[in-house]
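# Chains, contacts and geometry: an overview
So you can see what is in the structure, the chains are spelled out below.
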Amino acid sequence: MGLLNIVLLAVLFTCGFAKVVNITPCDETNEEVCKVSEVRITPCTQTNKCLFRKGSDAAISFDFTPNFSTSKLKTMVYWANGAVDLPFMGFGTNDACTYTSCPAQPGQAQTLNYNLHISKKLPKGTYNLKWKVWDEDNETGHLCCFKTTIGLA
Ligand SMILES: *[C@@H]1O[C@H](CO)[C@@H](O)[C@H](O)[C@H]1NC(C)=O
Ligand SMILES: *[C@@H]1O[C@H](CO)[C@@H](O)[C@H](O)[C@H]1NC(C)=O
């Protein structure tokens, strides 16, 4: 195998199955506070609804630009299907600095990378996933948030 083929294979394996997915903004915040510019999910084939198999892992990465500064960035994922947001089962530490660079600076774009494990115990169906990243010192005023639709099969 030639060097070029090896390089092409490496590119395929690292980003070949990532999909930029559709997102909707959350009511709790706005683009002046924090702009989420792109959300990528691997594996995913549909931009409007990524389909995950239960018991599998999904890599999610997104770019966001906070309009605030903090060294204490927190994060959490929720199911947003009803009146209340249910925290995502099995989410790791909510210290966002584990998955993205800290401190956050106003106007400076940064990327958060997370590997989400889809529990076998979750019921099949379509869900709204809500992702939040916030300043621990100002949870309501300094908030990044987006929603995306996923399906569990
Ligand atoms: C950042 O926030 C300030 C004040 O809240 C606002 O005037 C400005 O337009 C915001 N910047 C962006 C890029 O939204
Ligand atoms: C939280 O952030 C908002 C928006 O920037 C600001 O108006 C408010 O004063 C902040 N609150 C605290 C406790 O810092």
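Presented here is a report on the structure given in the accompanying data block. (Residues numbered from 1 in each chain as written. Chains lettered and ligands numbered in written order. Predicted model: local features only at pLDDT ≥ 70, side-chain atom pairs only at ≥ 80, totals over all residues. Heavy atoms only, no water.)

Further remarks concern the site of ligand 2. Surveying the vicinity of ligand 2 reveals the residues Asn-138, Gly-141 and His-142. Between an oxygen atom of ligand 2 and a side-chain N or O atom of Asn-138, the distance comes to 2.3 Å. Out of a free accessible area of 360 Å², ligand 2 has 29% covered by protein chains. (Near = heavy atom within 4 Å. Polar contact = N/O pair within 3.5 Å; in protein donor to acceptor, adjacent residues only side chain to side chain. Areas by Shrake-Rupley, 256 points an atom, 1.4 Å probe, with all protein chains shown as cover.)

Overall, the coordinates contain 11 aromatic pairs when judged by the stated rule. Arranged with centres 5.7 Å apart and planes meeting at 45 degrees, the rings of Phe-62 and Phe-64 form a pair that is tilted. For the pair Phe-62 and Phe-64, a shared accessibility class is recorded, and that class is buried. Taken together, the ring pairs in this structure connect Phe-62, Phe-64, Phe-91, Tyr-99, Tyr-114, Trp-131 and Phe-146 into an aromatic cluster. Directly above the aromatic system of Tyr-78 lies the positively charged group of Lys-132, at a separation of 5.3 Å from the ring centroid. (Phe/Tyr/Trp six-rings, centres within 6.5 Å; stacked < 30°, edge-to-face > 60°. Buried < 20%, exposed > 50% of the residue type's maximum accessible area, 1.4 Å probe, protein only. Lys NZ or Arg CZ within 6 Å of the ring centre and 35° of its normal.)

The element strand β9 (residues 125-135) is largely enclosed, with a buried count of eight among its 11 residues. Of the pairings in the sheet, the one linking strand β6 (residues 73-79) to β9 comprises seven bridges and is antiparallel in character. Counted as the bridge partner of Thr-75 is Val-133 from β9. Linking two consecutive strands that pair antiparallel, namely β9 and strand β10 (residues 138-152), is a turn of two residues. (Helix = DSSP H or I, 4+ residues; strand = E, 2+ residues; numbered from the N terminus. Pairing = 2+ DSSP bridges.)

One open sheet accounts for four strands, arranged β1-β3-β5-β8; its pairing is antiparallel. Edge positions in the sheet fall to β1 (19-20) and β8 (110-117), since each of these pairs with one other strand and no more. The sheet contact formed by strand β3 (residues 34-42) and strand β5 (residues 57-66) spans eight bridges and is antiparallel. Bridging from a neighbouring strand, Val-39 pairs with Phe-62 of β5.

So, on to the state of the cysteines. Scanning all chains against the criterion turns up four disulfides. Note on cysteine connectivity: Cys-34 is disulfide-linked to Cys-144, with sulfurs 2.0 Å apart. Across the S-S bond linking Cys-34 and Cys-144, the dihedral sits near 90 degrees, which makes this disulfide right-handed. Residue Cys-34 is found in strand β3, and its partner Cys-144 is found in strand β10; the two are separated by 110 residues along the sequence. As far as the burial class goes, Cys-34 and Cys-144 line up, both buried. Paired by a disulfide, Cys-97 and Cys-102 hold their sulfur atoms 2.0 Å apart. When the S-S torsion is -85 degrees, as for the bridge of Cys-97 with Cys-102, the disulfide is left-handed. On the basis of relative accessibility, which here comes to 27%, the residue Cys-97 falls in the partly exposed class. For the protein chain, numbering the cysteines in disulfides from first to last along the sequence yields the connectivity 1-8, 2-7, 3-4, 5-6. (Disulfide = S-S within 2.5 Å.)

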